[in-house]
Amino acid sequence: MAKKTLIIGAGGVGNVVAFKCAMNSDTFGDITLASRTVSKCESIAKNVLEKTGVSLATMSVDADSVTELVEVITRVNADIVINVALPYQDLTIMDACTKCGVDYLDTANYEHPDTAKFEYKEQWARNTQFKEANIMGLLGSGFDPGVTNVFCAYAQKHYFDEIHTIDILDCNAGDHGYPFATNFNPEINLREVSAKGRYWEQGEWIETEPMAIKQVWDYPEVGAKDSYLLYHEEMESLVKHIKGLKRIRFFMTFGESYLTHMKCLENVGMLGIKEVEYKGQKIVPMEFLATLLPDPASLGPRTKGKTNIGIFAKGMKDGVEKTVYIYQVSDHEKCYQEVMSQGVSYTTGVPAMIGAKLILEGKWQGKGVFNMEEFNPDPFMEELMVQGLPWNIMELGADESRRVD
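Definitions and cut-offs
- Residues numbered from 1 in each chain as written.
- Predicted model: local features only at pLDDT ≥ 70, side-chain atom pairs only at ≥ 80, totals over all residues.
- Heavy atoms only, no water.
- Helix = DSSP H or I, 4+ residues; strand = E, 2+ residues; numbered from the N terminus.
- 1 Å grid on protein atoms, 1.4 Å probe; cavity = no way out; pocket = protein on both sides within 12 Å on 5 of 7 lines; lining within 4 Å.
- Points joined across faces, edges and corners; volume = space filled by probe spheres on them.
- Nonpolar A, V, L, I, M, F, W, Y, C, P; charged D, E, K, R; others polar.
- Contact = heavy atoms within 4.5 Å.
- Core = buried A, V, L, I, M, F, W, Y, C linked by side-chain atoms within 4.5 Å.
- Buried < 20%, exposed > 50% of the residue type's maximum accessible area, 1.4 Å probe, protein only.
- Pairing = 2+ DSSP bridges.
- pLDDT = per-residue confidence, 0-100.

1. Describing unusual backbone geometry
Most peptide bonds adopt trans geometry, and most residues besides glycine take a negative phi value.
(1) Moving on: Look at the link from Asp 144 to Pro 145: it is a cis peptide, with omega at 10 degrees.
(2) Moving on: By secondary structure assignment, the location of Pro 145 is in the loop between strand E6 (136-139) and helix H8 (147-158).
(3) Moving on: With a phi angle near 60 degrees, Asn 134 is a residue other than glycine that sits in the positive phi range.
(4) Moving on: Along the polypeptide, Asn 134 turns up in the loop between helix H7 (127-132) and E6.

Below, the structure is given as structure tokens:
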């Protein structure tokens, strides 16, 4: 009997997930795409049908309403819910899945709409709830978090007895031609990069000012890029699951123009998330800014260049120090040719599909709430190779690095 798959969210990532599920319809069966704006779902479904020959059902859903989500999940009779809506909506969708007894997957951890903070605390707190419902919740099945977690687990399984340090390195060298735009939801993106940095060392979280720590990293197939330390959610789970870890950091590339725009917007209050009054109406500055910026889903046909995301790990194997760099390079234009989305959406959406595929095929199983590195990394790594995200491993000397500053 064919499986039934419900995808919630019709932005750039939702588009990729819809395409890739359709391309793997033997696993995903009957696919439904739901969003608050059903016209977005219909547009994606039309493109998917034209390029793959697979028909998707579409429907409207308010992902802030558990009641409405339960109605939609029940109507679809879903075997799995792939949540690529806003991170603000993770908890309502998780609660609806437990009420319906349906497996759950997302790509980013919960964020409170009124607080610029993201952490797994409230999702991990639903572990018992998921166990009692006899279902599985897979958290953070994007690229980072997601693939980077799996890279760490793969390195731990095949290359190290203990990993002592990990740097997660995220480079987007794409050019969309706009003076300023964000590659995914503007609110989420701007909250993330304007927050204080944080990294974990010797059992403690160390906080830094935004963009205070920089290194220049030589990314394979891209070149040397300025890379800035940020806090990123996958570190929160990796410190629990990687043996022997002494330090973990996350770096992302930004150009001077992007940082200049960010600083100007911050200085005039446009990155604020508290309501202000304007002409008798209450508005949130960052929400207003998001309406002025280009829709990330529209960047696909304009974006050229490559992404390179990976992990640089140092540790011990059989008493000998070693260094391993696992990374993946994607080309924005090739991504668009395949699924009509740019590389940032592609590298998030493909892993979401892979995580769901492994759940439906029974290769990743469990009852409760899990992070990616808790499962056998091998089947996921194999799927990356055949689903459009081939990866590379570079073994270096114990003291080698690709830092060039």
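2. A word on the layout of surface pockets
(1) Moving on: The computed volume of the second largest pocket comes to approximately 220 Å³.
(2) Moving on: In terms of lining residues, the second largest pocket is bounded by 13 residues, among which Gln 328, Val 329, Ser 330, Asp 331 and Lys 334 are the most central.
(3) Moving on: Looking at side-chain class alone, the lining of the second largest pocket contains four nonpolar, four polar and five charged residues.

3. Focus: the environment of Phe 380
(1) Moving on: Tracing the sequence through the fold places Phe 380 in helix H15 (residues 377-387).
(2) Moving on: Spatially, the C-alpha atoms of Phe 380 and Ile 326 are 14 Å apart, while their sequence positions differ by 54 residues.
(3) Moving on: Residue contacts for Phe 380: discarding those within four places in its chain leaves Ser 141, Val 147, Val 150, Pro 351, Ile 354, Gly 355, Leu 358, Trp 364 and Met 372.

4. Let's talk about the environment of Leu 33
(1) Moving on: Considering the arrangement of structural elements, one finds Leu 33 in strand E2 (residues 30-35).
(2) Moving on: With 49 residues separating them in the primary sequence, Leu 33 and Ile 82 have C-alpha atoms 9.6 Å apart.
(3) Moving on: Each residue touching Leu 33, except ones within four places of it in the same chain, is listed here: Ile 7, Gly 9, Ala 18, Cys 41, Ile 44, Ala 57, Thr 58 and Met 59.

5. With respect to the nonpolar core
(1) Moving on: Within the largest apolar cluster, 89 residues are counted, with the highest numbers of intra-cluster contacts made by Ile 82 and Ile 166.
(2) Moving on: Considering every element that reaches this core, the biggest residue donor is helix H14 (residues 343-360), with nine residues.
(3) Moving on: Ignoring anything within four residues of it in the chain, the contact list for Ile 166 reads Cys 152, Ile 242, Leu 245, Arg 247, Ile 248, Arg 249, Ile 311, Phe 312 and Ala 313.
(4) Moving on: By size, the runner-up hydrophobic cluster in this structure holds 25 residues, among which are Leu 69, Val 81, Met 94 and Val 102.

6. Things to note about the pairing of strand E8 (residues 197-201)
(1) Moving on: In this sheet, strand E9 (residues 204-208) lies alongside E8 in antiparallel orientation, the contact comprising five bridges. Residue pairing in the sheet places Trp 200 in a bridge with Trp 205 of E9.
(2) Moving on: Where E8 and strand E12 (residues 247-253) come together, two bridges link them in antiparallel fashion. Along E12, the bridge assignment pairs Trp 200 with Ile 248.

7. Let's talk about the confidence of the model for the protein
(1) Moving on: Put simply, the protein has an average pLDDT of 95, and 100% of its residues get 70 or more.
(2) Moving on: Within the protein, H15 carries the highest mean pLDDT (99), whereas helix H9 (residues 186-194) carries the lowest (77).

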